[in-house]
Amino acid sequence: MAKKVLFVNQEISPYVPDNEMSIMGRVLPQKVQEANYEIRTFMPKWGEINERRGQLHEVIRLSGMNLIIDDTDHPLIIKVASIPTARVQVYFIDNEDYFPKHKLEEEDEEQSVNVERAIFFARGVLETVKKLRWAPDLIVCQGWMSSLIPLYIKLAYDEEPSFANTKIVTALYNNLPGTTLGSASRKFIEYKGVTSKVLSAYKSKFDYKELTKIAIDYSDSIIEMSGNMNRSISTYLKDKDIPILNYKEDNIDEIKQFLESQIQ
């Protein structure tokens, strides 16, 4: 039976402009799928995505759930499209409060909303995978939007059969925003086994580096995608006794082989 790999991406080309992360978000799932792995790929339905041009359509049987964040119900909408050139299907996490009005970068909005957005995205992905009754052997996370996936897998969804044997790889990029995220944003993350005690290990003055540290702490392995990583993140990584791939060459087969080594 084919091994299953779930890709949780912040950006995927061609739905958002080409950059290091969005290109890898398209190419890596394609490469893994061509190696006879069964894959699923998720990303946020950012406001800049043209649904008609991308041929997105809602998956009614997966939509309709509500996720509670900060005591407020937020409807979960799932859309899907295919990248013809890559033969990769992409699921989009959508919600009127968090995505249609927002682009990847919104400098004039309250930054604490970005934590809520990451929470909704992470839990939306995991709830959808449960509904698909699809148990991934490996989850690959890319971008700050996916940074809470490892934490929730290990502490909030740890008793879910779909994730009982799942390994988690986080790919780190050197493009973290420098802004803080608000003092209340850390509390919003609390859910089931993710308690205030667990989160007290991180700064109350919460920023994107703290989100990254959470991802590192609860991942089984790490890929450093950028050669010039943030210094504090690189220092933090040095204390971790987990497999780390330093990816500096244009050789995607190196990443594929590393992923394969994590699920043998």
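Now for a description of the structure that goes with this document. Residue positions within a chain follow its written sequence, with the count starting from 1. Only residues with pLDDT of 70 or above have their local features reported here, since the model is predicted, and side-chain atom pairs are shown and tallied only from 80 upward, although totals for entire chains, interfaces and linings are computed over all residues. The side-chain figures draw on all heavy atoms in the structure; neither hydrogens nor water molecules are used.

Throughout, exposure labels follow a simple rule: accessible area from a 1.4 Å probe, protein chains only, divided by the maximum for the residue type, with under 20% read as buried, over 50% as exposed, and the rest as partly exposed. Numbering of helices and strands runs from the N terminus, with a helix taken as a DSSP run of H or I at least four residues long and a strand as a DSSP run of E at least two residues long. Restricting attention to buried positions, one finds in helix α9 (residues 252-262) the residues Ile252, Ile255, Lys256, Phe258, Leu259, Glu260 and Gln262. By definition in these notes, contact holds between two residues if any of their heavy atoms fall within 4.5 Å. Elements in contact with the buried residues of α9: β1 (4-9), α1 (20-34), β8 (138-142), β9 (167-172), β10 (221-224) and β11 (244-246).

As a further point, take the packing of aromatic side chains. Here the aromatic set is Phe, Tyr and Trp, taking the six-membered ring for Trp, and pairing holds for ring centres within 6.5 Å; pairs whose planes are under 30 degrees apart are stacked, those over 60 apart are edge-to-face, and all others are tilted. On inspection of all chains with the given rule, the structure shows 9 aromatic pairs. Geometrically, the ring pair formed by Tyr15 and Phe92 is edge-to-face, given 5.0 Å between the ring centres and 90° between the ring planes. Of this pair, Tyr15 sits in the loop between β1 and α1 while Phe92 sits in strand β7 (residues 88-94); the two residues are 77 residues apart in sequence, bridging distant segments of the chain. Like Tyr15, the residue Phe92 is buried in the burial classification. On the numbers, 5.4 Å between centres and 50° between planes, the contact of Tyr98 with Phe120 is tilted. In this pair, Tyr98 sits in the loop between β7 and α3 (112-132) while Phe120 sits in helix α3, placing the two residues 22 residues apart along the sequence. Across the pair, exposure class does not vary: Tyr98 and Phe120 are buried alike. Taken together, Trp46, Tyr98, Phe99 and Phe120 form an aromatic cluster joined through their ring pairs.

With that settled, consider the environment of Val5. Of note, Val5 is situated in strand β1. Taking the C-alpha atoms as reference points, Val5 and Ala135, separated by 130 residues in sequence, lie 8.9 Å from one another. Excluding residues that lie within four positions of it along the chain, Val5 makes contacts with Val32, Tyr37, Glu38, Ile39, Arg40, Trp134, Leu138, Val140 and Ile263.

Let us look at the sheet that holds strand β3 (residues 57-58). DSSP-based pairing: two strands are paired if at least 2 bridges between them are found. Read from one edge of the open sheet, 9 strands run β3-β6-β7-β2-β1-β8-β9-β10-β11, paired in mixed fashion. Every other strand in the sheet has two partners, leaving β3 and β11 as the edge strands with one partner each. In the sheet, β1 pairs with β8 via 5 bridges, with the strands oriented parallel. Counterpart to Leu6 in the pairing with β8 is Ile139.

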